[in-house]
Amino acid sequence: MSSSSDSEYAYPSSEDDDDTDMKSSSGSTSSSSSSSSMTTALEGPGYILLDSQSLKHRLETITNELASLLCINHDEALVLLRNNIPPWNTHQIQDHWFTDPNALRKSVGLPLTTEMTILGKRNRSSSLMCPICYDNLSTSEDSNTPASEDSNTMDYVHLACDHNFCSNCFTTYLTTELAGGATECSALKCPDAKCTLRLRSTTIQHNCSIQYYEKFQTAMLRSFVDMNRTSKWCPNQGCDVAAELTSGVGQVEIFCSCGFAYCFNCPNEAHKPASCIQQNLW
Ligand SMILES: [Zn+2]
Ligand SMILES: [Zn+2]
Ligand SMILES: [Zn+2]
Ligand SMILES: [Zn+2]
C-alpha cells in the first residue's frame, strides 16, 4: 500500500445506495442545524443548490453517522471517508468494516492500534530526534498538543504510527503539501516516506494556520462533490456552489445563485430545448 492510491480519485461510484444515503443525511442536516452561519439551500425543479457552508454541514453529518455506527471517533471516520476507494462511499465502508476492520484500516491508512494505545505512554524515551531537522525533541507530557505557546522546550508531534516530528518541520511539511494541490490534500499522510498513516483532520487543524486548514477543507468538499454522481460544481469561474439532483438523473437545467445557468449532464450552458447531443453538434 503506497500513496499511489491518492491518485485514484477518478474512480466512478458504482453504488446507487450512495446517493440515497447523501440525500437522507441532508434531511437531518437541515433539521439538526440551528447555526445562523448556514446559508439556506436554494431549490429548483429537480435540484438543490449547496454552498460550501451547507456542504460542510452535510459532510459533518455523514461523518458523525459513520462514527457512531462503527463506534469510532469522528476523526477516524473522516479518514475512512476521505481515503476509501472510492471516497465517501459509506455503504462500501460499512461492508468492508464489518467484514474485516483491520484490512480496511490498513487500506485507508489508519493505525491498527486503538485510540487508547495511541494516547498511552508509548515511545517516551528521553532522546527523541526529529528525522527531518535532527533536532532533539522534548518529551513533555503534552506531546500531542500543538506548539501554541512560547516555551523553551520544543514541542513535537507524535503520530499514531509512532513517528515523531518537531512542530516546525511538521507545520512546514503540512503547509507545503496543502499549498501544492487540491485533491492530494484529502489524503495527507505521515511525513515519513515509507509510512502510510493518513493524518487526522484535527492533527492538520492543530498544526497549520487557519488559512491552510481551509485549503484542506476545500479539498475535501471538492472530492465530496466530485465523487457523487448526483452533484456537480457550478462551472462559472469563481463560483463555489454545487448543485445536487433530487429527482433522478435527467436533462436538468441548473440556475445557480451566481446567475449562471448550466446543464447538469454536459459541460455546456443551459441549452433547452436542444438535447445535450444536439448542443454538442453546434
Ligand atoms: Zn524538525
Ligand atoms: Zn508515520
Ligand atoms: Zn454558480
Ligand atoms: Zn446538456
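This is a predicted model, so every value here is computed, not measured.

**Notes on the pairing of strand β2 (residues 47–50)**
Point 1. Where strand β1 (residues 43–44) lies against β2, 2 bridges are found, and the strand directions are antiparallel. Residue pairing for β2: E43 is matched across the bridge by I48.
Point 2. The loop that links β1 with its antiparallel partner β2 comprises 2 residues; one of these, G46, has a positive phi angle of about 85°.
Point 3. Two elements, β2 and strand β8 (residues 242–245), share 4 bridges in a ladder whose sense is antiparallel. Note that in β8 the partner of L49 across the bridge is A243.

**Considering the sheet that holds β8**
Point 1. The strand order across the open sheet built from 4 strands is β1-β2-β8-β7, with neighbouring strands paired in antiparallel fashion. Strand pairing shows two members of the sheet lacking a second neighbour, β1 and β7 (231–233), which therefore form its edges.

**A look at the pairing of β8**
Point 1. Side chains A242 and E244 project from β8 onto one buried face, and the interleaved A243 and L245 project onto a second face that is buried too.
Point 2. Here 3 bridges tie β7 to β8, and the two strands are oriented antiparallel to one another. Among the inter-strand pairings, W233 is bridged to a residue of β8, identified as A242.

**Concerning the confidence of the model for the protein chain**
Detail in the predicted coordinates should be disregarded across regions flagged by low pLDDT.
Point 1. When pLDDT is averaged along the protein chain, the result is 79; 71% of the residues meet or exceed 70.
Point 2. Overall, residues 1–39 carries pLDDT values under 50, and its contacts beyond four positions in sequence, including any with other chains, amount to 50 contacts.

**Focus: unusual backbone geometry**
Point 1. With an omega of -5°, the peptide bond between I85 and P86 qualifies as cis.
Point 2. Structurally, the position occupied by P86 is in the loop between α3 (74–83) and α4 (90–99).
Point 3. The peptide bond linking K272 to P273 adopts the cis configuration, its omega dihedral lying at 5°.
Point 4. Structurally, the position occupied by P273 is in the loop between β10 (261–263) and α10 (276–281).
Point 5. Unlike most non-glycine residues, C71 shows phi in positive territory, near 55°.
Point 6. Inspection of the secondary structure puts C71 in the loop between α2 (52–70) and α3.
Point 7. Although it is not a glycine, D162 sits at a positive phi angle of roughly 80°.
Point 8. Its location among the elements puts D162 in the loop between β5 (156–158) and β6 (164–166).

**Description of the packing of helix α7 (residues 167–180) against helix α9 (residues 210–226)**
Point 1. At a minimum axis separation of 10 Å, α7 and α9 run at an interaxial angle of 45°. In terms of orientation, α7 and α9 fall into the oblique class. In this structure, α7 meets α9 at a crossing whose hand is left-handed. Contacts between α7 and α9 pair L174, T175 and L178 from the former with Y212, K215 and F216 from the latter.

**Let's talk about α7**
Point 1. Its 14 residues give α7 an end-to-end C-alpha distance of 20 Å, which sits within 8% of 20 Å, the value for a rise of 1.5 Å per residue.
Point 2. Buried residues of α7: F170, L174, E177 and L178, and no others. Mapping the buried residues of α7 onto a view down its axis gives an arc of 95°, with all of them on the same face. Exposed side of α7, more than 90 degrees from the buried face: T176, A179 and G180 are the residues found there.
Point 3. Structurally, α7 contributes buried residues whose contacts are with β5, β6, α8 (201–207) and α9.

What counts and how
Residues numbered from 1 in each chain as written. Chains lettered and ligands numbered in written order. Predicted model: local features only at pLDDT ≥ 70, side-chain atom pairs only at ≥ 80, totals over all residues. Pairing = 2+ DSSP bridges. Helix = DSSP H or I, 4+ residues; strand = E, 2+ residues; numbered from the N terminus. Buried ≥ 20, exposed ≤ 12 C-beta atoms within 10 Å, placed from the backbone. pLDDT = per-residue confidence, 0-100. Contact = placed C-beta atoms within 7 Å. Axes fitted to C-alpha atoms, helices over the stretch in contact; angles between N-to-C directions. Parallel < 35°, antiparallel > 145°, perpendicular 65-115°, else oblique. Left-handed = near helix turned anticlockwise from the far one by under 90°. Expected span 1.5 Å × (residues − 1). Arc of directions from axis to C-beta.

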